Amino acid sequence: AGARAGRAVVMCAEGGAKKSKAEPAAAREMDFGDEGMSASRDDLPGSELEAEKNAKLKEIERLRAAEKFIEVDEGVFECRVCSYSYDPRKGDRAAGIRPGTPFDMVPDTFSCPSCKADKTEFVSVKKVIAGFAENQSYGFGTNTWTEAQKSGLIFGALALFFVLFLSGYLLD
């Protein structure tokens, strides 16, 4: 007998399928180790399926609202016209601005050395740090680091370990 979708088909001696009957309950309720799983989605009525879907969407929206993107000012200002960067640590010797001069202290007559745009065309460069607000203060302060900073720490530590490991061969 062949089984299809919970029904058994009884084959006749003539080779044709004569009638179908329901499989015994024991055959349908086989244990595959998934007892803790809920009913399949096909068994749920449409309203319960919609309610489950809406509950999941609400949870996703709640988590998105809790996620906080922190913008940290790098102190560098970039021209929106040509992407020239003014770094206060370097200043601008051509314009007579000494290193260490913050952008707020730069005269209003300052213009971009590349495209001659006004000082008003400069915007602050910010780096974005993603994460949940309640997690930002945990750990050693690395939760507020950018991806590049975290990668630098990881690969720097691996390089240091490698050097220390190889230095063991220099011991006599």
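You'll find the structure just up there.
Here's what I pulled together on the structure shown here. (Residues numbered from 1 in each chain as written. Predicted model: local features only at pLDDT ≥ 70, side-chain atom pairs only at ≥ 80, totals over all residues. Heavy atoms only, no water.)

**Things to note about the sheet that holds strand E5 (residues 85-86)**
Here is the rule: Think of it this way: DSSP has to see at least two bridges between two strands before they count as a pair. The numbering of helices and of strands both runs from the N terminus, where a helix is a DSSP run of H or I of at least 4 residues and a strand a run of E of at least 2.
Strand order in the open sheet formed by three strands is E5-E4-E6, with antiparallel pairing between adjacent strands. Edge positions in the sheet fall to E5 and strand E6 (122-129), since each has one partner strand and no second. Where strand E4 (residues 70-79) meets E6, seven bridges bridge the pair, whose relative direction is antiparallel. Note on E6: the bridge partner recorded for Phe 77 is Ser 124.

**Some points on the nonpolar core**
Stated precisely, the cut-off is as follows: Only buried residues count toward a nonpolar core. Its members are Ala, Val, Leu, Ile, Met, Phe, Trp, Tyr and Cys residues joined through side-chain atoms within 4.5 Å. Relative accessibility decides the category of a residue: with a 1.4 Å probe and only protein chains considered, values under 20% of the type maximum give buried, values over 50% give exposed, and everything between is partly exposed. Residues are treated as being in contact if the distance between any of their heavy atoms lies within 4.5 Å.
Counting residues in hydrophobic clusters, the biggest one holds ten residues: Phe 77, Cys 79, Tyr 86, Ile 97, Phe 103, Val 106, Phe 110, Cys 112, Ala 117 and Phe 122. If we skip the residues at most four places from it in the chain, Phe 110 touches Asp 92, Ala 95, Ile 97, Phe 103, Ala 117, Asp 118, Lys 119 and Phe 122.

**Here's the deal with the pattern of salt bridges**
The criterion, for reference: A pairing counts as a salt bridge when a side-chain nitrogen of Lys or Arg comes within 4 Å of a carboxyl oxygen of Asp or Glu.
The final tally for this structure, using the stated rule, is five salt bridges. Between Glu 121 and Arg 80 there is a salt bridge, with the nearest N and O atoms lying 3.8 Å from each other. Of this pair, Glu 121 sits in the loop between E5 and E6 while Arg 80 sits in the loop between E4 and E5, and the two are 41 residues apart along the sequence. Between Asp 87 and Arg 89 there is a salt bridge, with the nearest N and O atoms lying 3.2 Å from each other. Residue classification places Asp 87 among the buried residues on the basis of a relative accessible area of 14%. The class of Arg 89 is exposed, set by a relative accessible area of 64%.

**Digging into the packing of aromatic side chains**
What counts, and what does not: Note on ring pairs: Phe, Tyr and Trp rings are taken, using the six-membered ring of Trp, and paired if centres are within 6.5 Å. Classes follow the plane angle, with under 30 degrees stacked, over 60 edge-to-face and the rest tilted.
Scanning the entire structure with this criterion turns up nine aromatic pairs. Taking 6.4 Å as the distance between ring centres and 90° as the angle between the ring planes, the aromatic pair formed by Tyr 84 and Phe 122 counts as edge-to-face. Of the two residues, Tyr 84 sits in the loop between E4 and E5 while Phe 122 sits in strand E6, which places them 38 residues apart along the sequence. We classify Phe 122 as buried; its relative accessible area is 7%.

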